[in-house]
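These are the residues of each chain, in order.
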Amino acid sequence: MHPIYMDYAATTPTDKRVIEAMLPYFGEMYGNPSSLHAFGQEAKAAVEEAREKIASHLGAEPAEIVFTSGGTESDNFAIKGAAYANRMKGDQIITSAVEHPAVLETCRFLEKEGFRVTTLPVDGEGLVDPDAVADAITDKTILISIMHANNEIGTIQPIAEIGKLARERGVCFHTDAVQSFGQLPFTVDELHVDLLSATAHKLYGPKGAGLLYIRKGTRISPFMHGGEQENGRRSSTLNVPGIVGFGKAAELAGASLVEEAARLTAMRDRFIRGLFDRLDGIRLNGHPTRRLPNNINLSAEHVEGEGMILSLDMLGIACSTGSACSSSSVETSHVLTAIGLSHEYSHGSLRFSLGRYTKENDIDTVLETLPQVVGRLRSLSPHHAGRQ
Ligand SMILES: *Cc1c(COP(=O)(O)O)cnc(C)c1O
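Residues numbered from 1 in each chain as written. Predicted model: local features only at pLDDT ≥ 70, side-chain atom pairs only at ≥ 80, totals over all residues. Heavy atoms only, no water.

## Quick look at the overall build of the chain
Applicable threshold: Only DSSP runs of H or I with at least four residues qualify as helices, and only runs of E with at least two residues qualify as strands; both kinds are numbered from the N terminus onward. It is over C-alpha atoms that the radius of gyration is taken, and the globule rule equals 2.2 Å times the number of residues to the power 0.38. For this analysis, residues touch if any pair of their heavy atoms sits within 4.5 Å. Under the convention used here, a 1.4 Å probe and the Shrake-Rupley method define accessible areas, while residue burial counts only the protein chains that appear. Charged residues are defined here as Lys and Arg on the positive side and Asp and Glu on the negative side; His and the ends of the chain fall outside this count. Where a charge lies is defined by one atom per residue type: Lys uses NZ, Arg uses CZ, Asp uses CG and Glu uses CD.
Helix and strand content of the chain: 12 helices and 12 strands. Taking 2.2 N^0.38 as the reference for a compact globule, 388 residues should give roughly 21 Å; the C-alpha atoms of the chain span a radius of gyration of 22 Å, in line with that estimate. Overall, the C-alpha framework of the chain stretches about 75 × 55 × 35 Å when taken along its three principal axes. Considering only contacts within the chain whose residues lie at least 6 apart along the sequence, 76% involve residues at least 24 apart. For the chain, the exposed surface amounts to about 16300 Å²; the carbon and sulfur share of it is 54%. Taking the 37 positively charged and 48 negatively charged side chains of the chain as two groups, their mean positions are separated by 1 Å.

Set out below in structure tokens:
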């Protein structure tokens, strides 16, 4: 059996067309885009072409895109940058309980620096209530950071609504769109965001290339100091191959986004229905419809997530428990805790994330294999004794 990769939310394979676009910039086109000579200008032209492709995908101006090293840096830059730039205005940051650690840990750091962080709860399907955001805003609020789509359970937040009310109240609004960029159709104006994070390796681009969209006029302090690249907003010599790959990846994602979202949504829903037909004692985590086209997060009672992952891995099927970052620790996922999942269910959680190279027969294989794996593990579980 060929190996089946169903962990696209952790990272995606790099598209061959992206690799091809990048290769010359590892080789003969090695110039530094800040240099004035022909070598530099050639590299600069490639960076600017990528910036334009990405800006047009987002409905933004090229000058509003700042390249970074990835989603984590972009989240750090957005939150620390907006917090420090607005320190004279206030000290309150509003976020949600289901954010990526790159947001939650940055907020925790800022708390130690004297900022106040309001962490909003979510409902049982992982949604933030826009009314709760409105109620939390005070005249000391300087930043709201709510993710677009959740990396563990796939729930898509009402970002446009939250963005609208942030704008009405004059509060800077950041969204981590790492999971939705290239997967959901949106522009920065439709979402009413001032700051938006994305990363290339979640949309078939290379690792180590990210971006922060910064709406014109947004107050943000630079986070990297040095050579004043990116108009002084992010110092360091640009990652030219990575940026070229990111541009190509955004172009490719944009060209097939609608059809690909429909294809993945149909596979996702067949996968979910198939599992419910074949397995007892399972639940779907996250929202049934307001969820990423590629995300399936489920919990099975009387079985451990790690046990399922390892058994599936031996059979050539790659998926994850919770998020990739937390799956090496035995701690329960903060996202599953936030949606109110009991200990029993959260320990038996699995995330399958589909993508560009997932085929219908991969779904069939997993639908055959997973019930066998769960059945075998349950037969060994003392909690499951006597039940079938
Ligand atoms: C993957 C991910 C990140 C981190 O991006 P890196 O480029 O790996 O640093 C941040 N936020 C979300 C929602 C993610 O899924």
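## Things to note about the environment of Ala-78
The condition is simple: Only protein chains enter the calculation, and the probe is 1.4 Å; a residue is then buried if its accessible area is under 20% of its type maximum, exposed if over 50%, and partly exposed in between.
Along the chain, Ala-78 falls in helix α3 (residues 71–85). Looking at Ala-78, the relative accessible area reads 0%, which means it is buried. When the C-alpha positions of Ala-78 and Ile-156 are compared, they lie 20 Å apart, and in sequence the two are 78 residues distant.

## Quick look at helix α12 (residues 360–380)
The condition is simple: What a helix is expected to span follows from its residue count: subtract one and scale by 1.5 Å.
Counted at 1.5 Å a residue, the expected span for α12 with its 21 residues is 30 Å, and the 31 Å between its end C-alpha atoms agrees. The set of residues buried in α12 consists of Asp-362, Ile-363, Val-366, Leu-367, Thr-369, Leu-370, Pro-371, Val-373, Val-374, Leu-377 and Arg-378.

## Here's the deal with the sheet that holds strand β7 (residues 195–199)
Where we set the bar: Strands are labelled as partners when DSSP assigns at least two bridges between them. Angles here are taken between N-to-C directions and fall from 0 to 180 degrees, while the axes themselves are lines fitted to C-alpha atoms, restricted in helices to the stretch in contact.
Taking strand neighbours across the sheet as the criterion, the 7 strands line up as β2-β8-β7-β6-β5-β3-β4 in an open arrangement whose pairing is mixed. Each end of this open sheet is capped by a strand with a single partner; those strands are β2 (65–68) and β4 (116–120). Across the sheet, the axes of successive neighbouring strands diverge by a mean angle of 20°, strand direction being ignored. Sheet topology note: the strand β6 (residues 172–176)/β7 ladder contains 3 bridges and is parallel. When the sheet's bridge partners are listed, Asp-176 is paired in β7 with Ser-197. Set on the sheet, helix α4 (residues 101–112) makes contact with β3 (92–96), β4, β5 (141–145) and β6; between it and β3 the angle comes to about 155°. On top of the sheet, helix α6 (residues 159–168) reaches β5 and β6; it is set at about 160° to β6, its chief contact.

## Some thoughts on the domain arrangement of the chain
Threshold: By convention here, the domain bounds are inherited from an automatic or database domain assignment. We define buried area as the total accessible area lost by two parts upon association, computed with a 1.4 Å probe and summed across both.
When its domains are assigned, the chain resolves into domain 1 (4–10 + 257–387) and domain 2 (16–253). Centre-to-centre, using C-alpha coordinates, domain 1 lies 29 Å away from domain 2. Taken together, the 31 residues of domain 1 in the interface contact 35 residues of domain 2. Roughly 2600 Å² is buried in total at the junction of domain 1 and domain 2, and carbon and sulfur atoms are behind 55% of that figure.

## Observations concerning the side chain of Asp-194
Cut-off, in case you're wondering: Pairing of N or O atoms within 3.5 Å defines a polar contact, subject to two protein rules: one partner must be a possible hydrogen donor and the other a possible acceptor, and residues neighboring in sequence count only if both atoms are side-chain atoms.
By the secondary structure assignment, Asp-194 is in the loop between α7 (188–191) and β7. A polar contact is formed between the side chain of Asp-194 and the backbone nitrogen of Phe-173, at a distance of 2.8 Å. Among residues more than four places away in sequence, those in contact with Asp-194 are Arg-167, Val-171, Cys-172, Phe-173, Tyr-213, Ile-214, Arg-215 and Thr-218.

## Topic: the packing of helix α8 (residues 240–278) against α12
Worth spelling out the cut-off: For this classification, under 35 degrees means roughly parallel, over 145 means roughly antiparallel, 65 to 115 means roughly perpendicular, and everything else is oblique. By definition, any crossing whose near helix is turned counterclockwise from its far helix by less than a right angle is left-handed, and any crossing with a clockwise turn is right-handed. Classification convention: Asp, Glu, Lys, Arg as charged; Ala, Val, Leu, Ile, Met, Phe, Trp, Tyr, Cys, Pro as nonpolar; all other residues, Gly among them, as polar.
Their axes nearest at 10 Å, the elements α8 and α12 cross at an angle of 20°. On the basis of their axis angle, the class for α8 and α12 is roughly parallel. Helix-helix and strand crossings are classified by hand; for α8 and α12 the assignment is right-handed. Across the interface between the two elements, Met-267, Arg-270, Phe-271, Gly-274, Leu-275 and Arg-278 of α8 pack against Glu-360, Ile-363, Asp-364, Val-366, Leu-367, Leu-370 and Pro-371 of α12. When the residues that make up the contact of α8 with α12 are grouped by side-chain class, the tally is 8 nonpolar, 1 polar and 4 charged.

## Some thoughts on a nonpolar patch on the surface
The condition that has to hold: Patch definition: residues above 30% relative accessible area lacking any salt bridge, with like charges linked at up to 9 Å and the nonpolar side chains Val, Leu, Ile, Met, Phe, Trp and Tyr linked at up to 5 Å. Within this document, salt bridges are pairs made up of a side-chain nitrogen of Lys or Arg and a carboxyl oxygen of Asp or Glu, the two lying within 4 Å of each other.
A contiguous nonpolar surface patch, about 310 Å² in accessible area, is contributed by Ile-19, Leu-23 and Phe-26. For Leu-23, the location among the structural elements is in helix α1 (residues 16–26).

## Structural notes on α6
Among all positions of α6, only Ile-159, Ile-162, Gly-163, Leu-165 and Ala-166 are buried. Looking at the packing, one finds that the buried side of α6 touches α5 (130–136), β5, β6 and α7. Gly-170 sits one or two residues past α6 and shows a positive phi near 70°.

## As for a negative patch on the surface
Taken together, the side chains of Asp-123, Glu-125, Asp-129, Asp-131, Asp-135 and Glu-161 make up a negatively charged region of the molecular surface. Positionally, Asp-129 belongs in the loop between β4 and α5. Classification of Asp-129 as partly exposed rests on a relative accessible area of 41%.

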